[in-house]
Amino acid sequence: MDRRWVGLDGYEVVGAVRAGRQVLRVRKDGWLVADCTSVAEVARHVDLADLCEVIDLPARRRAEPPATARSSSHHR
């Protein structure tokens, strides 16, 4: 699981593996709150409606500099 959700007051939920089992790890301000085996368990610690999934966007390529404006043949 490479998904991550963040909520109010410093809450974060990430997928993890504990003792060979997949869990949802709840942290607050970086500190472990609980390893949950269900979404219902997560809801005991944080309001699910407050969670937003964090989506990593692909790195942007650098834009090429604009071509220099060519002078018009009308100006000499």
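Everything discussed here concerns the structure shown above.
Cut-offs and rules
Every chain is numbered on its own, with residues counted from 1 as its sequence reads. Reporting in this predicted model follows two pLDDT cut-offs: at least 70 for local features of residues, and 80 or more for side-chain atom pairs to be given and counted; totals over whole chains, interfaces and linings ignore these cut-offs and use all residues. Think of the side-chain values as coming from all heavy atoms in the structure, minus any hydrogens and water. Each pair of aromatic rings taken from Phe, Tyr and Trp, with Trp reduced to its six-membered ring, is defined by centres within 6.5 Å and is described as stacked if the planes are under 30 degrees apart, edge-to-face if over 60, and tilted in the remaining cases. The rule is short: NZ of Lys or CZ of Arg within 6 Å of the ring centre and within 35 degrees of the ring normal puts a charge over the ring. Every helix listed is a DSSP run of H or I at least four residues long, and every strand listed is a run of E at least two residues long, numbered separately from the N terminus. By definition in these notes, contact holds between two residues if any of their heavy atoms fall within 4.5 Å. Throughout this description, a polar contact denotes any pair of N or O atoms lying within 3.5 Å of each other; where both atoms belong to protein, one of them has to be capable of donating a hydrogen while the other can accept it, and for residues adjacent in sequence the pair is counted only when both atoms sit in side chains. Exposure categories follow from relative accessible area, calculated using a 1.4 Å probe and restricted to protein chains: below 20% of the type maximum is buried, above 50% is exposed, and the middle band is partly exposed. In what follows, salt bridge is the name for a side-chain nitrogen of Lys or Arg lying within 4 Å of a carboxyl oxygen of Asp or Glu. We define a nonpolar core as any set of buried Ala, Val, Leu, Ile, Met, Phe, Trp, Tyr and Cys residues linked to one another through side-chain atoms lying within 4.5 Å.

Following the criterion strictly, the structure yields 0 aromatic pairs and no others. The side chain of K28 reaches across the aromatic face of Y11, ending 5.5 Å from its centre.

Along the chain, R4 falls in strand β1 (residues 4-6). In this structure, the C-alpha to C-alpha distance between R4 and L51, residues 47 residues apart in sequence, is 9.5 Å. Filtering out sequence-adjacent residues up to four positions away, R4 remains in contact with E12, V13, V14, C52, E53 and V54. Only 3.0 Å separates the side chain of R4 from the side chain of E12, close enough to count as a polar contact.

It is worth spelling out the environment of L24 at this point. On the secondary structure map, L24 appears in strand β3 (residues 21-28). Assessed through its relative accessible area of 13%, L24 is described here as buried. Taking the C-alpha atoms as reference points, L24 and C36, 12 residues apart in sequence, are found 5.0 Å from one another.

All told, the structure shown has 5 salt bridges when counted by the stated rule. Across the salt bridge formed by R18 and D35, the nearest N and O atoms sit 3.8 Å from each other. Taken as a pair, R18 in strand β2 (residues 11-18) and D35 in strand β4 (residues 31-36) lie far apart in primary sequence, 17 residues in all. Note on D35: relative accessible area 14%, which makes it buried. Between K28 and D29 there is a salt bridge, with its nearest N and O atoms 3.5 Å apart. For K28, a relative accessible area of 28% corresponds to the partly exposed category. A network of salt bridges, in which partner residues are shared, links R18, R25 and D35.

Here the focus is the side chain of R25. Tracing the backbone shows R25 in strand β3. Judged by its relative accessible area of 19%, R25 falls in the buried class. Within the structure, R25 has its side chain in polar contact with the side chain of D35 (distance 2.6 Å).

What follows concerns the nonpolar core. Proteins that are soluble and globular tend to have nonpolar side chains buried together. The biggest cluster of nonpolar side chains holds 9 residues, and these are Y11, V13, L24, V26, A34, C36, V42, V46 and L51. Here C36 is in contact with V23, L24, V26, E41, V42 and H45, once residues within four sequence places are set aside.

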